[in-house]
Amino acid sequence: MKKFRKKLAIATGTIAITLLPLQALAKDYSALNIFGDSLLDAGNLFNLTGLPPSPPYDQKLSNGPVWVEQLAVELDLEPVLVTEAIPNLLRGKVPTEGINFALTGSLSSDVNVVSPLLPGLQQQIETFGGLATFIPPKSDALFVLLAGGNDYNEAIFRPSSIDSAALPNQVTDNLTNAVAALIGSGAKQLLVSNLPNLGQQPFADFLDQVNPQSSALLTSFSTQHNLLLDQKLTALETASGAHITQLDLDSLFASAISNPGEFGFTNVDDACLTNFQPGFVFEGVCDNPDEFLFWDNVHPTTQAHGLIAQLALETLHKQEPGEGAQSVPEPSGTVGLLALGGGAILRRRGFAIAAYRSRSKSRNQAM
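This one's a predicted model, so the numbers in the text were calculated from it and none came from an experiment.

## Quick look at the pairing of strand 5 (residues 189–193)
Piece 1. With five of five residues buried, strand 5 lies mostly within the body of the structure.
Piece 2. Of the two faces of strand 5, the one carrying Gln-189, Leu-191 and Ser-193 and the one carrying Leu-190 and Val-192 are both buried.
Piece 3. Judged from the four bridges that link them, strand 4 (residues 142–146) and strand 5 form a sheet pairing that is parallel. Bridge pairing in strand 5 links Phe-143 to Leu-190.
Piece 4. Where strand 5 lies against strand 6 (residues 243–247), five bridges are found, and the strand directions are parallel. Paired with Leu-191 across the two strands is Thr-245, which belongs to strand 6.

## A look at the state of the cysteines
Piece 1. Going through the model one piece at a time under the given rule, you end up with one disulfide.
Piece 2. A sulfur-sulfur distance of 2.0 Å marks the disulfide that ties Cys-272 to Cys-286. In this structure, the disulfide formed by Cys-272 and Cys-286 twists by about -90° around the S-S bond and is classed as left-handed. Highlighted residues: Cys-272 in the loop between strand 7 (267–271) and strand 8 (273–274) and Cys-286 in the loop between strand 9 (284–285) and strand 10 (292–294), separated in sequence by 14 residues. Side by side, Cys-272 and Cys-286 carry an identical accessibility label, which is buried.

Parameters at a glance
Residues numbered from 1 in each chain as written. Predicted model: local features only at pLDDT ≥ 70, side-chain atom pairs only at ≥ 80, totals over all residues. Heavy atoms only, no water. Buried < 20%, exposed > 50% of the residue type's maximum accessible area, 1.4 Å probe, protein only. Helix = DSSP H or I, 4+ residues; strand = E, 2+ residues; numbered from the N terminus. Pairing = 2+ DSSP bridges. Disulfide = S-S within 2.5 Å.

Remember, this is a structural readout, not a statement about activity or role.
Now the structure itself:
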């Protein structure tokens, strides 16, 4: 009976949270600074290269706004793309609500797999550090970081002399050093994500055709990565005094793949872009992208990005510094919350996407 009451209390708490306005799920932040790869790139690669082909892409590696764009809408912030911020700075216009430095193809190092002329994660961090010397970040600015997936996919797709056994330690060192550098540049509030199981992405099936062990190896990489990242970030938080919130993307994707219907999906195995091959080669677009977890072989649909944004909001709400323990479940329970919220979350996701597109249209008309 006690176990039942405990489960009921958790369920009641999660339902209550899903009924709150999204803005109430996280504290107010003055700015949103974003670092990472294509899962957070809101248009930097497109501005630099004209890729990905849009349509059917939406000037980013999805069919609509990625999760940090939807998160920004809910936080009532408008971070600018770094590809727009730098020219604006040269004209004396200083961004006030943050910058999105994320760039498709970035590894956790200084390498970018799209082109050697493009920066990796470490250059993103260095660029921010340079800007922070004359535009110090406010203490209530939120810093978001997610990278590493490209390191592991690339290690399988284009094998090199790198010792695969040492790769998770190397990648998580890169990420931890990046977070430490942000803290050194004034970051106080950080949201850092782990990785979903890369062995379950459609790209893993493609790689299995070349090496049948690819999926298993990517799953092993993901597991090691997440364990090491958790340990290193926990130690860094203790040593630095900064507030590092960890986003459990792994549990979210695992739950969506195990129970797709509860998250509004009918297909969690295939890409919406049919017969997708590396290099943006595909034969067509599915009829119901909102019901697909994956847009292409690696990247989520904008609907799936909406779930990540919701998870980020609820994670930030639970982990606000200076507050006592919240009467809500741990990360895996938060993922259950998303499924339990069902239709309400799907509707909110649509509202966030619509709000983003409306704001983006108004902004483009003003430029």
